[in-house]
Amino acid sequence: MLESLKNVGWSVERDWLSHQDLSDLTVAFQNWKAENRFTPARIGQGQSLQQHGGIRGDETWWFDLAAPPTELLPILQRVEALKVEMNRSLFLGLKDWDVHLASYPPGAGYKKHLDRHQLQSSRKLSLVLYLNENWQKADGGELVIYNQAGEELTRVSPEGGTLVMFLSEDFPHEVLPAKRERRSLTGWFLDAPRGVV
Ligand code: OGA
Ligand code: MN
């Protein structure tokens, strides 16, 4: 992952999660949904915050990182360790991170966008960890990553346990609609403390 991030600015790692972890998280995710923790995703921040189903159709849960769901603790610790490792080997100056869980209902996607923009200017590195057990190619829902010239670089099928990372400023990307519910833990390593844009 580090080599790939250093060389091309993005990386795709299959089986970052074990099958057992994935299966435990599948159960936990089902419970969080049943507890109505998710709300329709919104775009922007502060006064410009808008709900915009035409651009993104997912539902998210911005759990409190100070008191995360216990089932996520081991993963969040590994993400923290990644941050330390990134700083050590890539000198990214990462100070903090921000994360949410996302669920795309069948047919929903997220149009081409950049994760770092005026309203989210501290996002340095984007991470997406897929939580979909037994995902088939035919289920769709690929993440398409482009370069700044708009050329397609790769298409990632959101198979459970796959971790994708890319520099937030450099890679426009989009989520294609899927045939079944599509789940992920999505986060951003920040070059400023959380809450400071
Ligand atoms: C995002 C995003 C990608 C994915 O939440 O900003 O681009 O594959 N997610 O879920
Ligand atoms: Mn994105």
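For every chain, the first residue of its written sequence is number 1, and the numbers climb from 1 along that sequence. Chain labels run from A onward and ligand labels from 1 onward, assigned in the order the entries are written. Only residues with pLDDT of at least 70 get local features here, since the model is predicted, and only at 80 or more are side-chain atom pairs given and counted; chain-wide, interface and lining totals rely on the full set of residues. With hydrogens and water set aside, each side-chain value is computed from the structure's full complement of heavy atoms.

**A short note on the site of ligand 1**
All residues adjacent to ligand 1 are Y104, Y110, H113, D115, V128, Y130, L143, H173, V175, R182, T186 and W188. Any pair of nitrogen or oxygen atoms within 3.5 Å is treated as a polar contact; in protein, a donor-acceptor pairing is required on top of that, and neighbouring residues in sequence qualify only through side-chain atoms on both sides. At 2.6 Å from an oxygen atom of ligand 1 is found a side-chain nitrogen or oxygen belonging to Y130. One nitrogen or oxygen atom from the side chain of R182 is found 2.7 Å from an oxygen atom belonging to ligand 1. Protein chains bury 98% of the 290 Å² of accessible surface belonging to ligand 1 in isolation. Going along the chain from the N terminus, every DSSP run of H or I of four or more residues is numbered as a helix, and every run of E of two or more is numbered as a strand. Looking at the shell around ligand 1, the elements with two or more residues in it are β7 (110–113), β8 (123–130), β12 (173–175) and β13 (182–190). It is β13 that contributes the most residues to the shell around ligand 1, three residues altogether. Throughout, the term near means that a residue has one or more heavy atoms lying within 4 Å of the molecule or strand in question. Shrake-Rupley sampling with a 1.4 Å probe provides the accessible areas, and residues are treated as covered by the protein chains on show and by no other component.

**Structural notes on the pattern of salt bridges**
Any Lys or Arg side-chain nitrogen located within 4 Å of an Asp or Glu carboxyl oxygen qualifies as a salt bridge. All chains considered together, the criterion is met by 14 salt bridges. In this structure, R14 and E159 form a salt bridge, with 3.8 Å as the shortest nitrogen-oxygen distance. Residue R14 is found in the loop between β1 (10–13) and α2 (19–34), and its partner E159 is found in the loop between β10 (152–156) and β11 (163–167); the two are separated by 145 residues along the sequence. E159 sits in the partly exposed class, given a relative accessible area of 29%. Here E152 makes a salt bridge to R155, at a shortest N to O gap of 2.8 Å. Summary of the burial criterion: residues with accessible area below 20% of their type's maximum are buried, those above 50% are exposed, and those between are partly exposed, where the area comes from a 1.4 Å probe applied to protein chains only. In this structure R155 comes out as partly exposed when scored by relative accessible area, which is 45%.

**Considering empty space enclosed by the protein**
In this approach the atoms are scanned with a rolling probe the size of a water molecule, which exposes any empty space left behind. A cavity here means a set of points on a 1 Å grid, drawn over the protein atoms and nothing else, where a 1.4 Å probe fits but cannot get out; a pocket is an open set with protein on both sides within 12 Å along at least five of seven lines, and a residue lines either one if it has an atom within 4 Å of a point. Grid points are joined across faces, edges and corners, and a volume is the space filled by probe spheres set on the points. On inspection of all chains with the given rule, the structure shows one cavity of 30 Å³ or more. In this structure, the largest cavity encloses a volume near 70 Å³. W16, V79, W97, V99, L127, L129, L163, L185, T186 and G187 are the residues that line the largest cavity. Breaking the lining of the largest cavity down by element, the ones donating at least two residues are β6 (96–104), β8 and β13. Only Asp, Glu, Lys and Arg are considered charged in this grouping, and only Ala, Val, Leu, Ile, Met, Phe, Trp, Tyr, Cys and Pro are considered nonpolar; every other residue, Gly among them, is considered polar. Taken together, the residues of the lining of the largest cavity break down into eight nonpolar, two polar and no charged.

**Things to note about the pairing of β8**
Counting buried positions over the eight residues of β8 gives seven, a clear majority of the element. Here a strand pair is declared whenever DSSP counts at least two bridges between the two strands. Alignment of β8 against β11, held across five bridges, turns out to be antiparallel. Paired with L125 across the bridge in β11 is L167.

**Things to note about the coordination of the manganese ion (ligand 2)**
Metal sites are built from N, O and S donor atoms within 2.8 Å, or 3.2 Å for Na, K and Ca, and they leave out water, so they may look incomplete. Taken together, the protein ligands of the manganese ion (ligand 2) are H113 (NE2), D115 (OD) and H173 (NE2), with distances of 2.1 to 2.2 Å. Counting along the primary sequence, the residues that act as donors to the manganese ion (ligand 2) give the motif H-x1-D-x57-H. In this pair, D115 is assigned in the loop between β7 and β8 and H173 in strand β12, connecting sequence segments 58 residues apart. Pair check on accessibility: D115 and H173 agree, each one buried.

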